[in-house]
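Here is what each chain is made of, one letter per residue.
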Amino acid sequence: LCCCEYVDRNGERNHLVTCLCDCQELDDGCDRWLTCKSLPPGALGRIADAVADRVRVPWFAGAVKINVSLVPPLLLLPVLLRVAALHFLLALLILTSLPVLVLWYYYLTHRRKERTLFFLSLGLFSLGYMYYVFLQEVVPRGGVEYSQVVILTCGLVLMLATLSRAKTDPGYLPSPAGRDKASCQAVDLPSKKVAGSSNGLHGAATLGAASGRAVNGETKGYSRLPAEEPEGVRKDWCTKCQLVRPARAGHCRLCGRCVRRLDHHCVWINSCVGERNHQAFILALSLFMLTAVYGITLTLGTVCRGRTPLVALFYCPGVYSDYSSALSFTCVWYCAIVTAGMGYILLIQLLNISYNVTEREARLALRDNTGRRLLGGLVIDTGLYNRGFLCNWSHFLSLGSPALQRSAEDIV
C-alpha cells in the first residue's frame, strides 16, 4: 500500500481520492431524505460507520483511520472561545452551553455503553490551548516573571506524566482463556466446602464467598457470607469474563474486563480506575488542580491588575475593550468551570478514600439501600471496609504493592 491507500472495512483496496465515491449507505439515506421517506432501522449507524472508515490521513504503510470523536474538540473549542471573546453576552451564552453539551454527550455515550476518545481529546487539547493562550496573550503583557512560567510549565509536564501513568493497566484480571477447563469447572461447582478462619479469612476453594448478590455478572452487595455457604461460590463468578473475581473486583461494561478493586470507568482518561492506577489518578487530579489555580491566578493578576483573583474573576471592568484581554479572560472562565468540575471529582475521591469505599461500591449501596449517607450525601459509607481514617489512607497508599499483605477484605 502507498501512503494514500488503505484496506476498507469490506476488505477491498481503496484510495483517499475516492473517499467521497461509491458510498451506498449515504446515497440511500439522501434518496430517502429527498423523497421524505423514513430511514430503516440501523441506517444512521451504517452511515456513521461508513464515514468513520473513510476519514483517514496518509501514512507510511497506508492511510490510517482517524477516530472521529477526536476531531470536534480540535475544531470547535478554539472557535467557540474566540467567538465568546467578542462580547460579554456571547461569552455567557457559550460558556453556559458548553458544559451542557458535554454532559449531554456523556449521558448519550454512557447510556449506549460506548467508549469514546472525545473527553480525553477535549481535556488534552484544552490544556494545550490554554497554555498557548497564556504564552501568546498573557506573558507578553509583562506581568508574569520567567520563574512563574517555568513553575507553570513544570506543573503541566508533571500532570501529563501522571496522567500517562493513570492510563496504564488498572489491574485487569487475567483472561481465563489459557486455563484448564477442568479447573474452571471445579471452581463453578458449589459442592466444595472449606471452613474459614475465625478472622474472616475464607478458604481459597470458596473463591468469592465474600460478596453479596450478583445479577448479570455484576455484584450488587458486599455482605460477608460464611465460607461454607454453597451459594457463595457463584456470587463472584463473572458470566462475561468467565472467571472468579476476588473481593471488591468488578466488571467494567465499557472495557469488557474485570478489574481489581474497581472504582469507576473514567471517561476523561478513557480507562478504568482500579487497584494499580488509582494512586496515579488521584495525583493527576491534584496536580491539575494546583496547576490550573496557579495559571488562573497569574492570568487574572495580569489582565485585571490591582484586584484579588476572586474579585477579578467576577468584576474586571474594561476587560472586553481589548480583544487580547477579552480572550484571556474568557479562557480563565473556561478554566474555572473545568477546574470546579474536576475539584468536585477530587473531593468525592478523597472522601471515598477516607472511608475506604469505591465509587462502584457507593453506587451499588445506594441502589440496594445498604449504605449510610454522610456529609450531606457526598460520601456513602458501606461500613464493610472502613477501618478508620489513618488505616484507610495507609491501605490506599499501599495499593498495587507486590509486597502488600492482603487484608481480610481483599482475600477470597
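Residues numbered from 1 in each chain as written. Predicted model: local features only at pLDDT ≥ 70, side-chain atom pairs only at ≥ 80, totals over all residues. Heavy atoms only, no water.

- An unreviewed UniProt entry annotates the protein chain as Palmitoyltransferase of Eudromia elegans.
- Quoted verbatim from the Subcellular location (unreviewed entry) heading of the UniProt record, the comment on the protein chain is "Golgi apparatus, trans-Golgi network membrane".
- The protein chain has a UniProt comment under Catalytic activity (unreviewed entry) that states "L-cysteinyl-[protein] + hexadecanoyl-CoA = S-hexadecanoyl-L-cysteinyl-[protein] + CoA". (UniProt positions renumbered as here; feature names shortened; annotations may be inferred.)

## Points about the overall build of the protein chain
- When you go through the protein chain residue by residue, the secondary structure sums to 13 helices and 14 strands.
- Within the protein chain, the fraction of its 412 residues that count as buried is 42%.
- Contacts spanning at least 24 positions in sequence make up 62% of the contacts within the protein chain whose residues lie at least 6 apart.
- Surface accessibility of the protein chain: about 22400 Å² in total, with carbon and sulfur atoms responsible for 63%. (Helix = DSSP H or I, 4+ residues; strand = E, 2+ residues; numbered from the N terminus. Buried < 20%, exposed > 50% of the residue type's maximum accessible area, 1.4 Å probe, protein only. Contact = heavy atoms within 4.5 Å. Areas by Shrake-Rupley, 256 points an atom, 1.4 Å probe, with all protein chains shown as cover.)

## Some details on helix 11 (residues 323-354)
- Under the 1.5 Å per step criterion, the end-to-end length of helix 11 is 46 Å for 32 residues, consistent within 8% with the ideal 46 Å.
- Residue Asn356 follows helix 11 closely and has a positive phi angle near 55 degrees. (Expected span 1.5 Å × (residues − 1).)

## With respect to a positive patch on the surface
- A cluster of basic residues, Lys113, Lys240, Arg253 and Arg363, forms a positive patch on the protein surface.
- With respect to the secondary-structure elements, Lys113 resides in the loop between helix 4 (88-112) and helix 5 (118-138).
- Here Lys113 falls in the partly exposed class, since its relative accessible area comes to 46%. (Patch = residues over 30% accessible without salt bridge, like charges linked within 9 Å, V, L, I, M, F, W, Y side chains within 5 Å. Salt bridge = Lys/Arg side-chain N within 4 Å of Asp/Glu carboxyl O. Lys, Arg positive; Asp, Glu negative; His and termini not counted. Charge placed at Lys NZ, Arg CZ, Asp CG, Glu CD.)

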